[in-house]
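Listed below, chain by chain, are the residues.
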Amino acid sequence: MPTTPPGPPAGPGQPGTHLTHGAHPHVVPRHPRLDPLADRYAARTHGMKSSEIRALFSVVSRPEVVSLAGGMPAVTALPLDAVGSMIGELVSGMGAQTLQYGSGQGDPRLRERICDVMALEGITDASPSEVVVTVGSQQALDLVTRVFVDPGDVILAEAPSYVGALGVFQSAEARVRHVAMDDDGLIPEALEEALVACRAAGDRVKFLYTVPNFHNPAGVTLTEPRREAIMAIAERHDLLVIEDNPYGLLGFEHEPLRALRARDSQRVIYLGSFSKTFSPGLRVGWVLAPLAVREKLVLATEAQVLCPPSLTQYAVARYLDTQPWREQIKLFTELYRERRDATLESLETLMPAGTTWTRPDGGFYVWLKLPHGLDAKLMQPRAVNALVAYVPGIGFYADGSGREFMRLSYCYPEPDQIREGVRRLARVIEAELDLHSTFDAVDTGSFRAVRPAAGADAPFSGSGTIVGPANSDTYEDGRA
């Protein structure tokens, strides 16, 4: 139950869409007898809950379950012997440095190599002094949000959006306004409409958060004309853009696209990561930001973790110095292309009529829309019982909508496992359709059909403009 009532409508032409205030003056304890400290928690803890992905970990670890859920890179494709020897030599030969505290900004050599990596996407003007090394790009996003966002500020984000970003924004007590996207990525006209509506409502928009390449969860890529259009809109409206780009080098059909940051060094803050192109377990990411922003990011990271881990930074820098990392990225790309193809072919062959999905040309994910009236969240237990796992779309919307969608990840399972997983999933969906046809007009209390807008039949329909607290556990009409 919310602790504050919904505010006024978000803007003209959006009946039924409400703002929910990011800051809560007091959180009423739900179960004080179970938690004697419940009335002492900060307001920002209201609504904190496990993400839809993390909640599946205990399930997907079971060997009999085919997991199309977590976006886990195929690290077994790395030359593990060479990587292991490299890290062992680092500790034995440079232990005094690798096992010691380091700079809050990050190792200078690693920052130089990060600039080399970004040059592959057209960012040729970056200086190592503008780079801040972080504990994965998740910390990078948290730092940027801490530096820029006050409670109640509005953040623009694609619909759907990365679940980890929504968690960060909720913790900052921000309000998320979703901007529609389609198969070509974020829609420029929808972005401009959102900015105009926010200005009319007196809302303070702090930045646009976008994943332009091989989007998580949607799998789509922002086209070149739209990149130009979005940057033109950002210029007109003096809009800061946060470009989150963990998948940019993992394209199947073409060379890496020119980054948004390559077009504007002052208006775009770029987030990168080695989790997808080397190792997620090392937890090394970075922020590229103008010098004034960099100073604040360094202060924020020193307050949070003192400094990023030295050993993992040295390991990544040594890997980039000594290993054929470009060839390794090509190997990853071919591996993921094969798995993407297995996914799309299986979906085409096995999915019942009325099911639609995106067709990624890189990255890890397919975004699937269920036939009319089905609910991916309610269907999930039956899918797990059929030994297949996915992530319901509800986790990728700030207001808890998106129940007719699911994210399928093809990066981790082998192609034969993917085919079997899609076969199992198709059977579950067919069973749900049978159940739905029987009980369509009956409110069973346990099977709740959520229908998209009339005529909505594309992978992104139903993702209208929404404003709400990230990870909200209520609907617009007050349903729990």
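If you're wondering where the values come from, they're calculated on a predicted model, not measured in any experiment.

### A closer look at the overall build of the protein
The helix and strand inventory of the protein stands at 12 helices and 15 strands. For the protein, restricting intrachain contacts to residue pairs at least 6 apart in sequence, the fraction spanning at least 24 positions comes to 76%.

### Comments concerning the side chain of E130
In this fold, E130 is placed in the loop between α3 (108-119) and β2 (131-134). Residue E130 is classed as buried on the basis of its relative accessible area, which comes to 14%. Once residues within four sequence positions are removed from consideration, E130 is found in contact with Q105, D125, R261, V287, L288, A289, L291 and R294.

### Here's the deal with the nonpolar core
Core analysis: the largest hydrophobic core is formed by 68 residues, its most contacted members being M118 and F274. At eight residues, helix α10 (residues 325-350) tops the list of elements feeding residues into this core. Apart from residues no more than four positions distant in its own chain, M118 is found in contact with I123, A126, V131, Y270, W286 and L288. With 29 residues, the next largest nonpolar core counts A172, Y209, L240 and V298 among its residues.

### Here's the deal with the environment of S265
Tracing the sequence through the fold places S265 in the loop between β7 (241-244) and β8 (268-273). Residues S265 and L288 lie 23 residues apart in sequence; the distance between their C-alpha atoms is 9.2 Å.

### Side note on the sheet that holds strand β11 (residues 365-369)
Spatial strand order, β10-β11-β14-β13: four strands in an open sheet with antiparallel pairing. Looking at strand neighbours, the two that pair on one side only are β10 (356-357) and β13 (391-392), the edges of this open sheet. Pairing of β11 with strand β14 (residues 405-409) involves five bridges; the strand directions are antiparallel. Along β14, the bridge assignment pairs L368 with M406. Each of β10, β11 and β14 is contacted by α10, which is oriented at about 15° to β11, the strand it contacts most.

### Considering helix α7 (residues 224-237)
Across its 14 residues, α7 extends 20 Å between first and last C-alpha, which sits within 8% of the 20 Å expected from 1.5 Å per residue. For α7, the complete set of buried residues consists of R226, R227, I230, M231, I233, A234 and H237. Projected down its long axis, α7 carries its buried residues within an arc of 155°, all on one side. In α7, the exposed positions that point more than 90 degrees away from the buried face belong to P225 and R236. Looking one or two places after α7, you find D238, whose phi comes out positive at around 50°.

### Here we look at the confidence of the model for the protein
Across the protein, pLDDT averages 87, with 82% of residues at or above 70. Under a pLDDT of 50 for its full length, residues 1-27 has, in the predicted model, 57 contacts with residues more than four places off or in other chains. Predicted confidence for residues 441-456 stays below pLDDT 50, and this span has 29 contacts to residues more than four positions away or in other chains.

### Overview of the pairing of strand β9 (residues 285-288)
Every second residue of β9 is oriented toward a common face, with G285 and V287 on one face and W286 and L288 on the other, all of them buried. By the bridge criterion, four bridges tie β2 to β9 in an arrangement that is antiparallel. Counted as the bridge partner of V131 is L288 from β9. Pairing analysis gives four bridges linking β8 to β9, with the strands arranged antiparallel. In the strand pairing of β9, S273 is matched with G285.

### Some points on the packing of helix α11 (residues 376-385) against helix α12 (residues 415-439)
Packing of α11 against α12 brings their axes to within 10 Å, and their N-to-C directions diverge by 130°. When the axis of α11 is compared with that of α12, the two are oblique. The element α11 and its partner α12 pack so that their crossing is right-handed. In this structure, α11 contributes M379, R382 and A383 to the contact, and α12 contributes L425, V428, I429 and E432. Considered class by class, the residues forming the contact of α11 with α12 number five nonpolar, no polar and two charged.

### Considering empty space enclosed by the protein
All told, the structure shown has two cavities of 30 Å³ or more when counted by the stated rule. By volume, the largest cavity amounts to about 100 Å³. V117, M118, E121, N245, P246, G248, L249, Y270, S273, F274, T277 and W286 are the residues that line the largest cavity. Within the residue set of the lining of the largest cavity, elements represented by two or more residues are α3 and β8. Classifying every residue of the lining of the largest cavity gives seven nonpolar, four polar and one charged. Computed from the structure, the second largest cavity encloses a volume of approximately 50 Å³. Every residue along the wall of the second largest cavity is listed here: V117, L249, F274, T277, F278, Y319, L320, W325 and I329. Contributing elements (two or more residues each) for the lining of the second largest cavity: α9 (310-322) and α10. Considering only residue class, the lining of the second largest cavity consists of eight nonpolar, one polar and no charged.

### Quick notes on the pattern of salt bridges
Inspection of every chain in the model, using the stated rule, returns 31 salt bridges. In this structure, D203 and R175 form a salt bridge, with 3.3 Å as the shortest nitrogen-oxygen distance. In this pair, D203 is assigned in the loop between α6 (188-201) and β6 (205-210) and R175 in strand β4 (residues 175-182), connecting sequence segments 28 residues apart. R175 carries the same exposure label as D203, and that label is buried. Among the salt bridges present, the one from R423 reaches E420, with a minimum N-O distance of 2.5 Å. Placement of the pair is R423 and E420 together in helix α12, with a separation of three residues, close to one helical turn. E420 gets classed as partly exposed once you look at its relative accessible area, which sits at 24%. A network of salt bridges, in which partner residues are shared, links R109, E112, R113, D116 and D321.

Conventions we followed
- Residues numbered from 1 in each chain as written.
- Predicted model: local features only at pLDDT ≥ 70, side-chain atom pairs only at ≥ 80, totals over all residues.
- Heavy atoms only, no water.
- Helix = DSSP H or I, 4+ residues; strand = E, 2+ residues; numbered from the N terminus.
- Contact = heavy atoms within 4.5 Å.
- Buried < 20%, exposed > 50% of the residue type's maximum accessible area, 1.4 Å probe, protein only.
- Core = buried A, V, L, I, M, F, W, Y, C linked by side-chain atoms within 4.5 Å.
- Pairing = 2+ DSSP bridges.
- Axes fitted to C-alpha atoms, helices over the stretch in contact; angles between N-to-C directions.
- Expected span 1.5 Å × (residues − 1).
- Arc of directions from axis to C-beta.
- pLDDT = per-residue confidence, 0-100.
- Parallel < 35°, antiparallel > 145°, perpendicular 65-115°, else oblique.
- Left-handed = near helix turned anticlockwise from the far one by under 90°.
- Nonpolar A, V, L, I, M, F, W, Y, C, P; charged D, E, K, R; others polar.
- 1 Å grid on protein atoms, 1.4 Å probe; cavity = no way out; pocket = protein on both sides within 12 Å on 5 of 7 lines; lining within 4 Å.
- Points joined across faces, edges and corners; volume = space filled by probe spheres on them.
- Salt bridge = Lys/Arg side-chain N within 4 Å of Asp/Glu carboxyl O.

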